[in-house]
Amino acid sequence: MDPRIVRLDLPSDPYSIHIENSWTGLAPAIKPFVGNKVMLISDENVKELFVHDVKEILISLGCQVSLAIIQPGESSKSLELAKSLYTQALNANLDRSSSVVALGGGVVGDLAGFVAATYMRGINFIQLPTTLLAQIDSSVGGKVAVNHPLAKNIIGSFYQPKSVFINLHTLRSLSDRQFSTGMAELIKYGFIWDKELLQWLEHNIGSLMERQKDCLAYAIERCCNTKAHIVSQDEKEKGLRAILNFGHTIGHGLESTAGYGQYTHGEAVALGMVYESLIAYHMGSIDRALIDLLICLLKAANLPTKVSGVKVESLIKAMTHDKKNRDGSIVFILPTGYGQVKVFDNVDTQLIYSVLEGS
Ligand SMILES: NC(=O)c1ccc[n+]([C@@H]2O[C@H](COP(=O)([O-])OP(=O)(O)OC[C@H]3O[C@@H](n4cnc5c(N)ncnc54)[C@H](O)[C@@H]3O)[C@@H](O)[C@H]2O)c1
Ligand SMILES: [Zn+2]
């Protein structure tokens, strides 16, 4: 497979997203940014798989590597853990010319990015994402954050990496459930922006689920291109970037009411996309065939399409606390056609109830 490069053309901080099937091109992709001291942050699972190779490459670039391995899981995205990483960075004498390299999924990326953004008011940051979700979503676009016990991702910043390097081969060891969770976001890109990706998915989702490398390369490159385009138009989410939240109004509501853990993020987003599309259908914005295609793709990706046992009352209550909301009304990103969505803040509450209750 030929290496592919997606550019994220921010006026202040342009950078490249490299897509390859091995670590071969890693050294040249990060050499200008690593400095002589690097904090390599990863988690226990990823450590066993890829830390050795990446560390060797950093050493070959002349870097002194300070390795920080965190526990896998959302609870590691905390201020306490960030503090222990600052301590480690200080003990390793990291300075303004040093860098932080994140090797792992979105948890590692968000936490490492937060540390990179705040240590000495910001040092170079490099993303090596190893989950499908991180490769098409969290590693691109510069949102970094830790959680507060009262709210997810509430302490954070926009801080762009200097380089993103995606080694598709890392996806081979990802669990089926984690792969599917990333598929929800991948399918989302089709519905919010990329009609051609939808057409391609109709024919190729089977091979993609088998993680066939050319299919992965094609789909991941398209998603990174879409995200890069959206972020370059609206880095700080003042407008267009909000469309990335299709499926997330109900999805986030489900994640918090069903209790974190029952649904993965992608599973909740899959359900969110189904019910938000039903709302759009009842508002007359789309035809039934769009929902059929959505459900067909989600099923092929082993994602849920029907919620059960959820208390609609508490789900709607959770949705009214969403960060996207303005002036008390729930904001939805709803489909208006294939590869097309719009922001709505005037959805009839009764309609939301009846769609969710029909579940
Ligand atoms: N910054 C953003 O724009 C953004 C966007 C979406 C999601 N996020 C954040 O991303 C996080 C979720 O990320 P995630 O879905 O990658 O989960 P994750 O980081 O928890 O990784 C999922 C699991 O897979 C393991 N793993 C990672 N790579 C592996 C590999 N190649 N082989 C085998 N196992 C591997 C991890 O150890 C972990 O147990 C959430 O905290 C979410 O808030 C951020
Ligand atoms: Zn998401």
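Shown above is the structure to which this text applies.
Source: prediction; values computed, not measured. Residue indices follow the written sequence of each chain, beginning from 1 at its first position. The order in which chains are written sets their letters, starting at A; the order in which ligands are written sets their numbers, starting at 1. Where local features are concerned, this predicted model is filtered to residues with pLDDT of at least 70; where side-chain atom pairs are given and counted, the filter is 80 or more; whole-chain, interface and lining totals use all residues. Values reported for side chains reflect all heavy atoms of the structure, with hydrogen atoms and water molecules removed beforehand.

A. Main features of the site of ligand 1. Whether a residue is near a molecule or strand is decided by its heavy atoms; if any one of them lies within 4 Å of it, the residue is near. Close to ligand 1 lie 25 residues, the nearest being D43, E74, G106, T130 and T131. The definition of a polar contact used here is a pair of N or O atoms within 3.5 Å, where within protein one atom must be able to donate a hydrogen and the other to accept one, and adjacent residues in sequence count solely through side-chain atom pairs. In the environment of ligand 1, an oxygen atom lies 2.8 Å from a nitrogen or oxygen atom belonging to the side chain of K77. In the environment of ligand 1, an oxygen atom lies 2.6 Å from a nitrogen or oxygen atom belonging to the side chain of T131. For ligand 1, whose unbound accessible area comes to 870 Å², protein coverage reaches 86%. Numbering goes from the N terminus for both helices and strands, where a helix is a DSSP run of H or I of at least four residues and a strand is a run of E of at least two. Of all the elements in the fold, those that place two or more residues in the shell around ligand 1 are α2 (44–60), α4 (106–118), α5 (132–138) and β8 (151–158). Under this grouping Gly is polar, as are all residues other than the nonpolar Ala, Val, Leu, Ile, Met, Phe, Trp, Tyr, Cys and Pro and the charged Asp, Glu, Lys and Arg. When its residues are assigned to classes, the shell around ligand 1 shows 7 nonpolar, 10 polar and 8 charged. Here the open area of atoms and residues is found with the Shrake-Rupley method and a 1.4 Å probe, where only the protein chains shown may cover a residue.

B. Quick look at the coordination of the zinc ion (ligand 2). A donor here means an N, O or S atom no more than 2.8 Å from the metal, or no more than 3.2 Å when the metal is Na, K or Ca. Since water is not included, a site may seem to lack partners. The protein atoms that coordinate the zinc ion (ligand 2) are E185 (OE), H248 (NE2) and H265 (NE2), at distances spanning 2.0 to 2.1 Å. In primary sequence terms, the donor set of the zinc ion (ligand 2) follows E-x62-H-x16-H. One end of the pair, E185, is in helix α6 (residues 176–192); the other, H265, is in helix α10 (residues 265–282), and 80 residues separate them in sequence.

C. Geometry of the packing of aromatic side chains. Each Phe, Tyr or Trp ring (for Trp, its six-membered ring) is paired with any other whose centre lies within 6.5 Å, and the angle between the two planes then decides the class: stacked below 30 degrees, edge-to-face above 60, tilted in between. Within the structure shown, the criterion is met by 3 aromatic pairs. Measuring from ring centre to ring centre gives 6.3 Å for W23 and F50, while their planes differ by 70°; the resulting arrangement is edge-to-face. Residue W23 is located in the loop between β2 (15–20) and α1 (26–34), and its partner F50 is located in helix α2; the two are separated by 27 residues in the primary sequence. Using a 1.4 Å probe on the protein chains alone, a residue whose accessible area is under 20% of its type maximum counts as buried, one over 50% counts as exposed, and one in between counts as partly exposed. Take W23: its relative accessible area is 12%, and that puts it in the buried class. Here F50 falls in the buried class, since its relative accessible area comes to 10%. The interplanar angle of 35° and the centroid separation of 4.6 Å between the aromatic rings of W200 and Y218 together place this pair among those described as tilted. Here Y218 lies in helix α8 (residues 213–233) and W200 lies in helix α7 (residues 195–209), a separation of 18 residues in the sequence. Using a relative accessible area of 23% as the deciding quantity, one classes Y218 as partly exposed. We call a charge positioned above a ring when the Lys NZ or Arg CZ atom is no farther than 6 Å from the ring centre and deviates by at most 35 degrees from the ring normal. For K188, the ring lying beneath its charged end belongs to Y189, and the centroid distance is 5.4 Å. Its end group placed over the ring of Y281, R288 keeps NZ or CZ at 5.8 Å from the ring centre.

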